[in-house]
Every structure is written in structure tokens, then in C-alpha cells.
Amino acid sequence: MYRSVEGTNISNVRVFDNTHGRTKGNYSPSISECSSNSKYPHSCVEVQTNMLDSCTNTPITPVGITTGVIAKIPVVLAELTVQFHLSSLIKLPELALDVKNIKKKVKITQCLLLQPTNILFIKGFIRKNIDYTTGNCANMEGICGELHHCTIDVPFECSTPLTFYTPPEELAVNSSTEFEYFKVSNLPDKHFAEKDKLLSGDLSEFNQIIIENFNELPFCELINARIFEFDEFIGRHRPCGAEFPIEEKFFNRIEEKMVIEFTVKVLQNRQVQIPAVTDTSGGCHPKFPCSANKD
């Protein structure tokens, strides 16, 4: 049962609270209300801050391999900006008066290059957090309510061809090969001469060579994303027989249209030969010229 909060009349609109007579913003539990047997004996937050002096540091020059090396590193196969369009209808769980904010995030759940083709399959969703207001009480002078939110996922799925900057490594396929051994067998004397022999493979055994190759699967990195959106409230109406400000109406459906652009980088772990910085004679490597002449 809601109790009226004393001294909180605003114009002719009464404000109610369900904290048994306490105001929501100014209530803090006293020590006597906290039981030592409570599941959370320390319900208040305590923060201690210490001022730290600035730290000193000594720069260190990184030391790397200068004689050349073969490394396995991610190699960029392609980089592309994908654009697609979405249209969706969102139905809120209750009547809303206004939308205060809509936050959107692009989430990629699948980015798969189908080898040996150049088709990239992309799947994901747009995470939308909608902040909207409700109406609990109203008159001709104003309307009061609460701020609610609704978080939804708008899925999408598409495929697009790639233009490779560096082609992916050629697929190594598995193979299965059978082989057999030569065998000389005797023939029955009833139907064959004594000197005749059966020359054939051995049927009493099965021999096989199986080769498995494990390829590196290309993967994606999400670089940036942009969302262009238009939202329109559908079915705005005024409750029958209620007093409302002249422009205020309720709705629970939002029709949205989005143009989404995001940039992805397609990579694959490859073995790369990194040449030496200098040759064995002490001179400079042709791909890495000296920055200064040596004495």
C-alpha cells in the first residue's frame, strides 16, 4: 500500500513513495537497523584515497633480432567497409510518453571467409538501450512519471565479396591413400600346372596412408562503426477521458530505419621471413638503409 509523503505536494499533483513513509533520496539506514546476523552486515560503501608521488622511469631501448628471422604473425588479407540497411519494429513492454536517449553498439558474432572463395559472411546484432519516460499521473498543467529503459538486440546477417590485398595461404587438403604388397601364392594342382603360381596383391591385409593438414583460419578485427538512424513513434494516442497537456501522447511501438557502416580487417596467421637489418660484412641492408655514416 502506498503512503502519501508529507510536504511533497507539487501544484495539485501528489507524489507517492513505496518506502513506507520515507523519502527515496534522503533515506539512509541507521546503525540500529543493521543486524549483525544480516547477510550483508556492511551495507555502506567506504572509500579511502591516498595521494601517490610521481614515479621516476629510465627509458630502455628495445633490442631485437637483427640477423633475420622467420616469424608467424597476422598478415592483412583485406580491409573493407561494409554498408547495409535495416528496418525493424520495436514494441515496448508498456506505454511510453517520450524517448530520452537511444544508445547503440555494433556487435559482430561471426566474420567468416569461406575458402577457397572470396566471400565473407558477417553476422551480428545492434545492441540498443532505449531510455523512455512513463506517465503515472497527469492533469492539464503537467504529467509526471518514471524513467525506464529497455535493452534489445537487433540482429543482422549479410555476405560480401573481398578484394584481397594479400591472398590467403593456399589450402592444404587431407588425403587418404591405400597401398598393398606383392604376394606369390600356390595354385591348386587340379586346375593348374605345378609350375604355375598366383601373382597378385595380398587380400589378407589392408594398408592405408592418411594425411591431415591443419590450416590457419582467417579472422577479423572490427576497426570502427557508424550508425545512421531514423526512429518514428507509431500509434501515438491520448487516453480517453484523461486530462493531459495538449501535446502529450502515449505510444509503445517504434519503427526504426538504420544505415550501418563498419570497417573490418581480415587477417591470417602466416609465416613471414623478416630480413636482417645488416649483412655479415657490416654494411647496411638494401631494404634498411643506414641512418648515419659509420667511421
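Residues numbered from 1 in each chain as written. Predicted model: local features only at pLDDT ≥ 70, side-chain atom pairs only at ≥ 80, totals over all residues. Heavy atoms only, no water.

Caption draft 1: Broad picture of the overall build of the chain. In terms of regular secondary structure, the chain is built from 0 helices and 14 strands. Taken from the N to the C terminus, the helices and strands of the chain come in the order β-β-β-β-β-β-β-β-β-β-β-β-β-β. In the chain, which comprises 295 residues, the proportion classed as buried is 21%. Counted over contacts in the chain with a minimum sequence separation of 6, partners at least 24 positions apart contribute 71%. Just so you have it, the chain exposes about 22,800 Å², and 53% of that area is on carbon and sulfur atoms. (Helix = DSSP H or I, 4+ residues; strand = E, 2+ residues; numbered from the N terminus. Buried < 20%, exposed > 50% of the residue type's maximum accessible area, 1.4 Å probe, protein only. Contact = heavy atoms within 4.5 Å. Areas by Shrake-Rupley, 256 points an atom, 1.4 Å probe, with all protein chains shown as cover.)

Caption draft 2: How the structure looks around the environment of asparagine 252. By secondary structure assignment, the location of asparagine 252 is in strand S14 (residues 251-274). According to the relative accessible area criterion, asparagine 252 is partly exposed, its value standing at 22%. For the pair asparagine 252 and arginine 236, spaced 16 residues apart in sequence, the C-alpha to C-alpha distance is 8.0 Å.

Caption draft 3: A look at a positive patch on the surface. Side chains of Lys103, Lys105, Lys107 and Arg127 sit close together on the surface and give a patch of like positive charge. Top element by residues in the positive patch is strand S4 (residues 98-114). It accounts for 3 residues. Since its relative accessible area comes to 52%, lysine 103 is described here as exposed. (Patch = residues over 30% accessible without salt bridge, like charges linked within 9 Å, V, L, I, M, F, W, Y side chains within 5 Å. Salt bridge = Lys/Arg side-chain N within 4 Å of Asp/Glu carboxyl O. Lys, Arg positive; Asp, Glu negative; His and termini not counted. Charge placed at Lys NZ, Arg CZ, Asp CG, Glu CD.)

Caption draft 4: Highlighting the nonpolar core. Formed by 32 residues in total, the largest nonpolar core has its most connected members in Leu120 and Phe262. Secondary structure elements with two or more residues in this core: strand S3 (69-96), S4, strand S5 (119-133), strand S8 (147-161) and S14. Sort the elements by how many residues they give to this core and S3 lands first, with 9 residues. Ignoring anything within four residues of it in the chain, the contact list for leucine 120 reads Leu80, Cys111, Leu112, Leu113, Cys158, Ser159, Thr160, Leu162, Cys220, Val264 and Val266. (Core = buried A, V, L, I, M, F, W, Y, C linked by side-chain atoms within 4.5 Å.)

Caption draft 5: Region of interest: the pattern of salt bridges. According to the stated counting rule, one finds 10 salt bridges in the structure shown. Measuring nitrogen to oxygen at the nearest pair gives 3.7 Å for the salt bridge that ties aspartate 98 to lysine 100. As a salt-bridge pair, glutamate 256 and lysine 128 come within 2.8 Å of each other at their nearest N and O atoms. Taken together, the positions of glutamate 256 in strand S14 and lysine 128 in strand S5 put the pair 128 residues apart, joining distant regions of the chain. Residue glutamate 256 shares its accessibility class with lysine 128, and that shared class is buried. The network of salt bridges with common partners includes Lys104, Lys128, Glu229 and Glu256.

Caption draft 6: Structural view of a nonpolar patch on the surface. A surface patch of nonpolar side chains, about 340 Å² in accessible area, is lined by Leu112, Leu114, Phe121 and Leu217. With respect to the secondary-structure elements, leucine 217 resides in the loop between strand S12 (207-211) and strand S13 (219-234). With relative accessibility at 55%, the residue leucine 217 sits in the exposed group.

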